[in-house]
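Structural overview
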Amino acid sequence: MVNREKLTEILANALASYNNGHLDDAERLLENCILEFPDQADALHVLGLVKYQRGHVTDARTLIYKATNLNPNNPQYFNNLALILNAEEDIAAGLIAANKAVFLAPENADSQTTRGLMLQRSNRFEDASRAYRKAIELNPRHLQALMNLGALLRDTGDFTLAVDLYRRALATAPTSWEAAVGLGKTLLKFGKFNEAISTLEGVSENHRQDLALQLVLAEAHLGKHDAEIAKNILEKVVTKYPSSASAWSGLGYALRDLSELDQAESALKHALGLDPTYDPAAENLAHVLLSTGQFKQGWTLYRRRKTKPSLATFSQSGTDAFWSVESLPETSIIAWTEQGLGDEILQASLISDLSDLAGELVIVCSSRLKSLFEDSFPAVTFLTSMPSKNFTENTKSVAIPLIDIGDTLRPTFNSFSQEPGYLKAPPEKASALRRKYLGDRDPNTLLVGISWKSENTRYGDQNTIPLEQWHPIFSAPKQAGRDVVFVATQFGTNVDYVEHISQEAGVPIIFDPSVDHGGDMRTVAAQVVSTDLVISTSTTAAQLAGALGLPTLHMTACGLACGWYWMADGTSTPWHPSMQIFRRLNGVPEQVSDVAAALTELAKNP
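Residues numbered from 1 in each chain as written. Predicted model: local features only at pLDDT ≥ 70, side-chain atom pairs only at ≥ 80, totals over all residues. Heavy atoms only, no water.

Next up on the list: the nonpolar core. Counting 165 residues, the largest nonpolar core has Ile351, Phe377, Leu423, Met521 and Leu544 as its most contacted members. Excluding residues within four positions of it along the chain, Met521 makes contact with Leu341, Ile345, Arg368, Leu369, Leu372, Phe491, Thr540 and Leu544. (Core = buried A, V, L, I, M, F, W, Y, C linked by side-chain atoms within 4.5 Å. Buried < 20%, exposed > 50% of the residue type's maximum accessible area, 1.4 Å probe, protein only. Contact = heavy atoms within 4.5 Å.)

Let us look at helix 28 (residues 540-547). Counting buried positions over the eight residues of helix 28 gives eight, a clear majority of the element. For helix 28, the full list of buried residues reads Thr540, Ala541, Ala542, Gln543, Leu544, Ala545, Gly546 and Ala547. The backbone nitrogen of Ala541 lies 3.2 Å from a side-chain oxygen of the residue at the head of helix 28, namely Thr539. Backbone geometry just downstream of helix 28 places Gly549 in the positive-phi region, at approximately 80°. (Helix = DSSP H or I, 4+ residues; strand = E, 2+ residues; numbered from the N terminus. Polar contact = N/O pair within 3.5 Å; in protein donor to acceptor, adjacent residues only side chain to side chain.)

For the pair helix 14 (residues 211-223) and helix 16 (residues 245-257), interaxial distance at closest approach is 11 Å and the crossing angle is 10°. In this view, helix 14 runs roughly parallel relative to helix 16, as classed from their interaxial angle. Side by side, helix 14 and helix 16 meet where Leu211, Leu215 and Leu222 of the first sit next to Ser246, Ala247, Tyr253, Ala254 and Asp257 of the second. Its residues assigned to classes, the contact of helix 14 with helix 16 comprises six nonpolar, one polar and one charged. (Axes fitted to C-alpha atoms, helices over the stretch in contact; angles between N-to-C directions. Parallel < 35°, antiparallel > 145°, perpendicular 65-115°, else oblique. Nonpolar A, V, L, I, M, F, W, Y, C, P; charged D, E, K, R; others polar.)

With parallel pairing, the six strands of this open sheet are ordered in space as 7-6-5-8-9-10. Looking at the sheet topology across the chains shown, the edges are occupied by strand 7 (509-510) and strand 10 (579-582). Pairing geometry for strand 5 (residues 446-451) and strand 8 (residues 533-537), over four bridges, is parallel. Within strand 8, the residue paired with Gly449 across the bridge is Val534. Across the sheet, helix 29 (residues 588-604) touches strand 5, strand 6 (484-488), strand 8, strand 9 (552-555) and strand 10, and the angle it forms with strand 9 is around 175°. (Pairing = 2+ DSSP bridges.)

Here we come to the confidence of the model for the protein. With 93% of its residues at a pLDDT of 70 or more, the protein has an overall mean of 90. Segment residues 310-325: pLDDT under 50, and 39 contacts once partners within four positions in sequence are set aside and those in other chains are kept. (pLDDT = per-residue confidence, 0-100.)

Turning to the environment of Ile64, a few remarks are in order. Relative to the helices and strands, Ile64 is located in helix 4 (residues 57-70). Placed 18 residues apart in sequence, Ile64 and Val46 show a C-alpha to C-alpha distance of 8.2 Å. Excluding residues within four positions of it along the chain, Ile64 makes contact with His45, Gly48, Leu49, Tyr77, Asn80, Leu81 and Ile84.

The next subject is the sheet that holds strand 1 (residues 332-336). A sheet is described by the order of its strands in space; here four strands give the open sequence 3-2-1-4, paired in parallel fashion. Each end of this open sheet is capped by a strand with a single partner; those strands are strand 3 (381-383) and strand 4 (397-401). On average, each strand axis in the sheet is inclined to that of its neighbour by 20°, with strand direction left out of account.

See the structure below:
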């Protein structure tokens, strides 16, 4: 029998055992206490916490609910109940419990932090931010509030403040591996890979092998283009955590960067075998399959990409109706391009085929591409923003990302058009620019558009070959015995740089300030068509030249920096029949020399 005089002592001992991780002792003491005093709210509450630590979430919720009924004025009960409901994914009930905790203790930083978490889980991000900030105001060293707000700001794009919050969290708790991982993840957003690695490697040995930490560390090495180091890290991770889909997916990602595609495919399929719902593995596997010509399976997985926008509210009959080609003549379709300009241009290769099949077709695209697309596909309606839900009077209508139509229109290599070019530049403008660039030169002069720099935030450096390294290409005209004039078709360059390279290489390079590469793409397309061929790294100019059917010598990067649509090997891509691909198998100098040799041959044969 438990005497009431000893109740306080028993509860204190049970709580001490719980805090020290002695869950068996805590559970035994509390269960004996509750047998004698079934209405003892504190005992029910702490036993609920013990059950939660053991993974018995339903039992924990039941016990703490009883505690709140017995003592509805204890904010800690409601705070912990909210956390348990969060673990059960009962977000609405969790928010109610968190609100009650704050109502009872508005100046308690823990309650404000938990409320912030439940608001964040409810997608009420501004309210969540205010709750976290209130918690930090109440306790500037509140570790969880600092980290939660840091994660929220990172996810909503405020990376600078997120880094500051994580640094404050790490200063508050220098041994916190969670804070180190959060800071590491955020530093990756800035491309501060070395600092991320240093932060993660500074964690104590006890936590350095944590799964989340190792995954971020591997990602940091991938960001530095140290794919072999990332692969070594992840091979150890999958050995230690063989049932982790994220670890196997990460290994597949690193293997992709090393162009070890068979092994990458195997690792990613293993990840999906462990967790069929793990979308990052599905997207990465889609890239592998599409780049190796396994289109049918690749398209199915590609629909799970994280960059895919949702337009479910615009679909009046569901996308399933689309996949029956026989139904298309009676169907109105609204499709939209996505990602960057280069990707939009590639996706436009599907428009003509779809327009021939659909009863009515509306395409939503970037404003810069609208006029060029209208010239190229006059039977299609183009918009620059989403219309209202009732975008058509046709009751049978479908809304879908344009690239997802590849599943139906591009299931095999044979389904791609063999005719080069699907976009049309304004011919009068192109002719005027050509006359301008030739001037008084021999009409037989070869005009060569050049583009060398990618603005891609992640892979731009790998898809850039500075003009200082193009000297073999600039020397090709002398070997061919033909006049060649180069035209800068580069997005975002400047006249001083072009003039410097022109003087250094001793070849004419035209920079035309009248062509605004940041403006309407009709004029840019006219400039491309004014040339005889384009030499480019993986830039928008390469996509545009291929889409216009212009002969294109394309210098791709390797690994992750090489887009799946450029294919994994070979000298061609089915997306652009007029394009010849030069792969960086043995480094940039050899790649440039190969292009120079190809240009020499082209110049010899007018």
